[in-house]
Each structure stands twice: as C-alpha cells, then as structure tokens.
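Given next are the chains, with one letter for each unit.
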Amino acid sequence: MARPPSPSSCPLAGKKIVVAGAGIAGLAFAISLQHFWNEDLGSYPEITLYEREEKEPGRGREGYSLSIRGDSRSGGVQALQKMGVLEKLLDVSITGRGGERGSFGFWDPNWKRIVEIRLEKPRDLPASGMRIARWQLRRVLTESVAAHTEIVWGVACLEVLPSSDTKIRVRLSDGKEEDCDFLVAADGASSKLRASVRPADILHFAGAVSIGASSRFPGAPPVPVNEDWGMVFNRTGTALFVSPVDDRSALWNLSYIADSPRDPQRQPLSPEQTAQILQEAKERGKSFKEPFQTLVDNTDVSTLNIFNANDKQPFPHGKQNGVPNGIVFIGDSNHAVSPFAGNGANMALMDAFDLAECLCGQPSIEQAVNVYDKRSMPRCSATVKMSHFTIGLVHSTGLRGLFYRAMLGLAGVILSVLSWRKRR
Ligand SMILES: Cc1cc2nc3c(=O)[nH]c(=O)nc-3n(C[C@H](O)[C@H](O)[C@H](O)COP(=O)(O)OP(=O)(O)OC[C@H]3O[C@@H](n4cnc5c(N)ncnc54)[C@H](O)[C@@H]3O)c2cc1C
C-alpha cells in the first residue's frame, strides 16, 4: 500500500482526537488514519467519534442510494480502494462486484433513454463506480473502524467552548465536556460546530424543492427502476429522479423550481400530512408516466419528506478564517451540496482520506491543514457550480428545455457510437 512520506513522528502521535459525526466523512477519516499510520509515526492517537443518532446504521431513515464514482472529479471509488473497503462495498452494492449492473442516464417522458452514461473503468480499479444504499455504505464503514477507536452513539457535539490555546473543548449533548488536541467536525450540512465557530456561514437555497421517498415492493421494483437510475427529462419545470435502493426498493424524488425555500416536512409525519404530501406528489408529477404512480403508491411512508436543495461554498481553515487552530471541517459540514450535485458523498470520502494523509505526512498540524485546504477547496467549489447548472438543466422549459433536450440527444448518439466502436 502507498504510504505518504513519513516524518520521524506525526504531530498527532499520542494525542486525543474527537470526531463529531459518524457519517460518511467521520467514519472514512477514522479508517483512513488507520490506513496511513505506521510505527514510525509514534503511538496511535486516542480517537472518539460522537454520533448524534442512537443506533448503528440500518435501513430506517437512510432509505436512499448514492452514486460513488471513480472519475477524476469524484474519486470516491479510489478513496475507498485505498482505505481497503472497496471490495466489501462492491459486494453489497446495487451495481455488483464489477459495477456492471445498471447505469445512470436521462429518460424521455416515455422512459426511453435519451443518453446512458457508463464511465470508463480506470485501469487500477475493479469498477468505474457503484450505486449503493446509503445504509450499506455506512454499515460497512462502521464495521471497518478499528476496535481501538471508540464510537459513542446517541451523543451529539453541540459547540466549541473557549479553552486554553493548546486544547479544544467540546460541549456534548449528555451534559459533559470533552477536551481534545484535534477536532474533526464531520457533523453534516447543518453542522452545529460550524454554527458555533462561523455563525454567519449558513446554507443557501439553491432554487429547487424536492418531495422524495423510497418505495417498497413485494418483489423487484418496476422496470427500469429495478436496475437503472437517473432523471426523467420532460421540459415541464418538474424533474423526476429515480434509482434502485436494493432488490425490493427504489427511490423517487420529484423536484420543482421555487423562488424561496419551503418549510421542510420531516418524519414523524401524521397520516394526514403523509396523505397530503403523496397527493401533492401525484398532482405535481401528473405529467410523468408509469411507473411513477406505482412508485408513489408503494411509498414507504416512514421515508417520505419534503426538503429544499441547499448548499454553501467551502471555506479554508485557520484563525484568519474564524476557525481555531486544531479544528477541521470535512464533508457536508464544510461544503454542503444538494443531491443535484450527486457528489457530496464522494467529496466526504476524499476529504477524509486527504486529511488523514496530510496529517500523517506533514511536520505540523497547521502545515497539514494548509495542504489539505489546497486539495479540498477547488473540487468543492467546482461541485457547487456544477450542481447549480444541473438544477437549471433538469428543470428547464421552453426554448432552453428544447436546447438541452437536443444536447442530451446528441450526447446520447455520440456515446452510443463510441461504445459500439469499443465493442467491435
Ligand atoms: C437524496 C440524496 C441523494 C444523494 N445522492 C448522492 C449521490 O448520488 N452521490 C453523492 O456523492 N452524494 C449524494 N448525496 C449527498 C451525500 O449524501 C452527502 O453529501 C454525504 O452524506 C455527506 O457526508 P457527511 O459525512 O459530510 O455528512 P452526513 O452523511 O450527513 O453525516 C453526518 C453525520 O453526523 C451526525 N451528526 C449530525 N449532527 C451531529 C452533531 N451535532 N454531533 C454528532 N453527530 C452529528 C449525523 O447523524 C450523521 O451521521 C445525496 C444526498 C441526498 C439527501
């Protein structure tokens, strides 16, 4: 396995690290540090992950699936491979061991593929990407965290408290306070720790509202959502994203453009609220043909919600940016993106891996964080920009819609010709 250049000892050797959040970024950081550590770096740090959720990952609320990709913009597959967990994840993914089952693309209103995108498999990887249920990703990551790393479930990190210059003090939801030498904030898009050190750095509405859920079936989900995922492009201003989640369930997400954000509707919802939201989904989505109605009719109501597409630009670390030394924000806590980016989990994985590599390869924490910021910031800004373009594209109407439809059609033709020539 490739190791970073090792200084004689690491600035984190023997130190106490707190990670806020055992989500994708937090767990991946713990695994990446395990991967990079070697005896030359000194004694392994004491690491505690605090996770707000009571239970270890299970189907429940995490009823959606994610695309993890291996292209140069995403790099999630490469990060997982270097962490040593890729094979286990491919085994439980929707797309299978070689990533060959199903593909991403755009459908026309009759569910005919306009364009199908199958990424080229990079030479050193078993798959170019995978589609995987989020709970499966978290389960495998949780199981891959070494036994000597503690995960405390059901305890949230609430704020960073003033403390000495050398220690960081965190207030916890169980009433205690925890001192540490290094704090990794991986507590998601609505990060409480970000609010405590950069209160003005809030989420911004990206212009679309989504109604979404996963649907459960007694057998396989309806074709084509049993295998393929992507957008139905119908130029009405309402977009539909669908994807398999596992062999019995599929995700649907109906979105529309709005001038201002809407009050989110989250679980637990009353039977009346549930009925109203499902009715609204059917009404707004009446231009979508089957299997859309079947998906809505088979909704697992415990996963139904209405949410706004929110995001924010990344920020660099250090006192000059309002972040006390020794605290690093990774994943959505730093640069939340909406699902339209399709890249937030990839960035969370890359952040985690890069931060661990920098911490093990640089002589001081400040230098490590500087190098880390230079790697993370550009890809995050590019993803936020790209996601705004995607929101415009999938909700386009009129002439603009016609233009994008023609471009997608052209892309579809070019990709089919290229894939035909490769098969010959
Ligand atoms: C419907 C949908 C589809 C998506 N599709 C894709 C996709 O296809 N590809 C992709 O790359 N990305 C996708 N994303 C985005 C991706 O899920 C996120 O970007 C990713 O989960 C971010 O990882 P994270 O670890 O930073 O945050 P999270 O995964 O949100 O993890 C944060 C963790 O911290 C915990 N927590 C929160 N507050 C606290 C606290 N105060 N103290 C302690 N713990 C706390 C949370 O419970 C959670 O476990 C999608 C998102 C959605 C909603």
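Residues numbered from 1 in each chain as written. Predicted model: local features only at pLDDT ≥ 70, side-chain atom pairs only at ≥ 80, totals over all residues. Heavy atoms only, no water.

The subject of this paragraph is the overall build of the protein chain. The number of helices and strands found in the protein chain is 11 helices and 17 strands. A compact globule built from 424 residues should have a C-alpha radius of gyration of about 22 Å, and the protein chain, at 22 Å, falls within 12% of that. Out of the 424 residues in the protein chain, the part that is buried amounts to 55%. Of the roughly 19100 Å² of accessible surface on the protein chain, a fraction of 53% belongs to carbon and sulfur atoms. (Helix = DSSP H or I, 4+ residues; strand = E, 2+ residues; numbered from the N terminus. Rg over C-alpha atoms; globule rule 2.2 N^0.38 Å. Buried < 20%, exposed > 50% of the residue type's maximum accessible area, 1.4 Å probe, protein only. Areas by Shrake-Rupley, 256 points an atom, 1.4 Å probe, with all protein chains shown as cover.)

Along its sequence, the protein chain is carved into domain 1 (16-101 + 125-202 + 312-390) and domain 2 (209-310). Measuring from the centre of the C-alpha atoms in domain 1 to the corresponding centre in domain 2 gives 28 Å. With 15 residues of domain 1 at the interface, the matching set in domain 2 holds 18 residues. For the domain 1 and domain 2 pair, buried surface summed over both sides reaches about 1300 Å², with 58% attributable to carbon and sulfur atoms. Of all residues in domain 1, the largest losses of buried area upon contact with domain 2 belong to Arg101, Arg131 and Phe340, amounting jointly to 36% of the total for that side. As a salt-bridge pair, Arg101 and Glu227 come within 3.5 Å of each other at their nearest N and O atoms. When residues of the side of domain 1 that touches domain 2 are traced back to their parent elements, those giving at least two are β3 (65-69) and β6 (129-133). (Domains from an automatic or database assignment. Contact = heavy atoms within 4.5 Å. Buried area = accessible area lost by both parts, 1.4 Å probe. Salt bridge = Lys/Arg side-chain N within 4 Å of Asp/Glu carboxyl O.)

Turning our attention to the site of the ligand. Lining the immediate environment of the ligand, one finds 29 residues, of which Ala25, Glu51, Ser67, Arg134 and Asp332 sit closest. At 2.8 Å, a side-chain N or O of Arg134 approaches an oxygen atom of the ligand. In the environment of the ligand, an oxygen atom lies 3.4 Å from a nitrogen or oxygen atom belonging to the backbone of Asn343. In isolation the ligand exposes 990 Å². Once the protein is present, 89% of that is buried. Of the residues forming the shell around the ligand, the biggest block, 4 residues, is contributed by helix α9 (residues 344-361). Along the lines of polarity and charge, the residues of the shell around the ligand split into 11 nonpolar, 9 polar and 9 charged. (Near = heavy atom within 4 Å. Polar contact = N/O pair within 3.5 Å; in protein donor to acceptor, adjacent residues only side chain to side chain. Nonpolar A, V, L, I, M, F, W, Y, C, P; charged D, E, K, R; others polar.)

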